[in-house]
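Fold and geometry: a report
Here is what each chain is made of, one letter per residue.
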Amino acid sequence: MPVPSPGPVPSGVAPDGYDRLRRRVLWRMPSGLYLLGSAAGGRRNLMTHTWAMQVAIQPKLLAVSVRNDALTCELVRQGGAFSLCLLKREDRALVRGFTKPAVEGPEPGMLGGVAVRTGATGAPIISAAVAWLECEVRQETMLGDHTLFVGEVVDCGAPDEDAPLLRTEDTRLNYGG
Ligand SMILES: Cc1cc2nc3c(=O)[nH]c(=O)nc-3n(C[C@H](O)[C@H](O)[C@H](O)COP(=O)(O)O)c2cc1C
């Protein structure tokens, strides 16, 4: 594997120390922690995901950045849609189960050992979600090792509007940096 380039380094600064500092600052950015659902060609997945944000008001556009080597990237591209599931803060253990492709079954209503249902776009939605958004992909842009999918919100729900939401800082996990 080639050593990744450190990118621009300010002059007079040690590259290694700067790289570590830059990573720590990037990790400190507050972020939500979600499950990103996708489905295509009879396959489906849920992925632990943090890089999601609204990027336009009219139309309602949501951007999600997905690593190119993830099954989710393939399924969102093929299926042309994704779901974003918002979780309760107390459900932090759930995200640990979705950092690898989710195993099917044993029943159709189960994915990766949790209850799911199929949303209007065909993407799975975890039953424990306190709220969810479903999007149809309108744009796709390669950004180095990730692909940015911009989707228009076509459906949403919020079974529990009062529950405190899970954020990355509620866990010991991080991503990126
Ligand atoms: C806290 C946390 C946040 C993550 N956020 C993202 C993300 O925003 N985008 C992404 O592509 N992968 C993210 N990942 C990595 C994926 O969860 C992991 O690589 C993945 O599930 C593999 O995807 P696949 O199941 O679609 O193959 C994150 C992992 C963790 C632990």
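Everything below is about the structure shown above.
Let me begin by describing the structure that accompanies this report. Everything numeric here is computed off the predicted structure, so don't read it as measured data.

1. Description of the nonpolar core
Ranked by size, the top nonpolar core spans 35 residues in total, and within it Tyr-34, Leu-35, Phe-82, Leu-84, Cys-85 and Leu-87 carry the most contacts. Elements that contribute at least two residues to this core include exactly β1 (34-40), β2 (43-49), β4 (61-67), α2 (71-79), β5 (81-86), β8 (124-126) and β9 (131-143). Examining the composition of this core, we find that five residues originate from one element, β5, more than from any other. Beyond its immediate chain neighbours, meaning those up to four positions away, Leu-35 contacts Leu-46, Met-47, Thr-48, His-49, Cys-85, Leu-87, Val-95, Phe-98 and Ile-126.

2. Quick word on unusual backbone geometry
Following Gln-58, the chain continues to Pro-59 via a peptide bond in cis, the omega torsion being 0°. Tracing the backbone through its elements, the reader meets Pro-59 in the loop between β3 (52-56) and β4. Between Gly-105 and Pro-106 the backbone carries a cis peptide bond, its omega angle lying at 10°.

3. Thoughts on the sheet that holds β3
Note on sheets: strands pair through backbone hydrogen bonds, and any given pair is parallel or antiparallel. Across the sheet, which stays open at both edges, the seven strands sit in the order β2-β1-β5-β9-β10-β4-β3 with antiparallel pairing between neighbours. Each edge of the sheet is formed by a strand with only one pairing partner; in this case those strands are β2 and β3. Neighbour-to-neighbour, the strand axes of the sheet open up by a mean angle of 35°, direction not taken into account. The sheet contact formed by β4 and strand β10 (residues 146-157) spans seven bridges and is antiparallel. Bridged to Arg-67 within β10 is His-146. In the packing of α2 onto the sheet, contacts are made with β1, β2, β4, β5, β9 and β10, and the angle to β1 comes to roughly 55°.

4. Here we look at the sheet that holds strand β7 (residues 114-118)
Reading across from one edge, β6-β7-β8 is the order of the three strands in this open sheet, with antiparallel pairing throughout. Lying at the two open borders of the sheet, with one neighbouring strand each, are β6 (110-111) and β8. In this sheet, β8 lies alongside β7 in antiparallel orientation, the contact comprising three bridges. The residue of β8 that forms the bridge with Val-116 is Ile-126.

What counts, and at which threshold
Residues numbered from 1 in each chain as written. Predicted model: local features only at pLDDT ≥ 70, side-chain atom pairs only at ≥ 80, totals over all residues. Core = buried A, V, L, I, M, F, W, Y, C linked by C-beta atoms within 7 Å. Buried ≥ 20, exposed ≤ 12 C-beta atoms within 10 Å, placed from the backbone. Helix = DSSP H or I, 4+ residues; strand = E, 2+ residues; numbered from the N terminus. Contact = placed C-beta atoms within 7 Å. Pairing = 2+ DSSP bridges. Axes fitted to C-alpha atoms, helices over the stretch in contact; angles between N-to-C directions.

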